[in-house]
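# Chain and residue survey
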Amino acid sequence: MVLTRAGLRFAGRTWPCVIGRGGVRACKREGDGATPVGVHRVVAMLYRPDRMARPAFWAEPIRLRDLWCDDSGSPAYNQLVQAPFAPSHETLRRADPLYDLVLITDWNWPEAEPGRGSAIFLHQWRRPGYPTAGCVGFAPGDLREIAGRILPGTRLVVPEPLDGWRAG
C-alpha cells in the first residue's frame, strides 16, 4: 500500500482516502494531527463484532474496555490498554462508526518514544475530504475490502516526497 496525492495505491487500484489535518510530516509529534512519513507495517486488526462480521481470519474483536493510551508520559504510551485507565486515551469502542474496523500500524510501536505520536491507524473516514487526527481514513466498504486482502505485516508506505503535503 502506497499513499499518494490521489489516494492509496493497493491491489491494482487507487482507493480514495483522507489523511491527518496536519498533513503529512516526516517529523511527527503527538497531537500535531499529521500522518507520519515512513514505511509502516499493519500489526493488528480490530473490529466491532456487534456491528460486523470478522473481516479477516486474524482480526480480533474490540472489547468493551479497550482503550489506546495517547499519554506520552505514561509507561503504556501508544499501547492497547483496558478501562479503567486514568492517563489520556482513546476509546476504541466508540458510539460513532470510525473505529468499527481498525488496522493498527507499528508507528512508534512497540517501543514508543514519548511525544513522537500514537494511534496511527487505518480506519473509516467521517466523510470524503474530512481529515483525521493523523490516521488514514477510508469509505467503510473500501476499508472492509482492503482489510480482507491484507495480512499482518502488510506495508503502508507514506513517501518522503509527501512531507509537508496537505490534502484538500
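The sections below set out a description of the structure shown in this document. Keep in mind that this is a model prediction, so the values were computed, not measured.

What counts and how
- Residues numbered from 1 in each chain as written.
- Predicted model: local features only at pLDDT ≥ 70, side-chain atom pairs only at ≥ 80, totals over all residues.
- Heavy atoms only, no water.
- Core = buried A, V, L, I, M, F, W, Y, C linked by side-chain atoms within 4.5 Å.
- Buried < 20%, exposed > 50% of the residue type's maximum accessible area, 1.4 Å probe, protein only.
- Helix = DSSP H or I, 4+ residues; strand = E, 2+ residues; numbered from the N terminus.
- Contact = heavy atoms within 4.5 Å.
- Pairing = 2+ DSSP bridges.
- Axes fitted to C-alpha atoms, helices over the stretch in contact; angles between N-to-C directions.

## Structural notes on the nonpolar core
Counting residues in hydrophobic clusters, the biggest one holds 29 residues, and the most contacted among them are Leu8, Met45 and Phe138. When residues of this core are traced back to their parent elements, those giving at least two are strand E2 (7–10), strand E6 (38–47), strand E11 (101–105), strand E13 (136–138), helix H1 (140–149) and strand E14 (155–158). In this structure, Leu8 is in contact with Met1, Val2, Leu3, Arg13, Thr14, Trp15, Cys17, Phe138, Ile146 and Leu156, ignoring residues within four places of it in sequence. Counting 11 residues, the second largest nonpolar core, distinct from the first, contains Leu46, Trp68, Val102 and Ile104.

## Some points on the sheet that holds strand E10 (residues 89–91)
Here 3 strands make up an open sheet; going across it, the order is E9-E8-E10 and the pairing antiparallel. The sheet terminates laterally at strand E9 (80–82) and E10, the two strands that pair on one side only. The mean inter-strand angle of the sheet, taken between neighbouring strand axes irrespective of direction, is 40°. Pairing of strand E8 (residues 66–69) with E9, which is carried by 3 bridges, proceeds in the antiparallel orientation. Along E9, the bridge assignment pairs Leu67 with Val81.

## Side note on the environment of Ala34
Mapping Ala34 onto the fold places it in the loop between strand E4 (24–25) and strand E5 (35–36). Overall, the relative accessible area of 0% leaves Ala34 in the buried class. Between the alpha carbons of Ala34 and Trp165 there is a distance of 9.9 Å; along the sequence they are 131 residues apart. Those residues in contact with Ala34 that sit more than four places away from it in its chain are Gly22, Gly23, Arg25, Lys28, Ile120, Ala133 and Gly134.

Function cannot be inferred from these measures alone, as they are strictly geometric.
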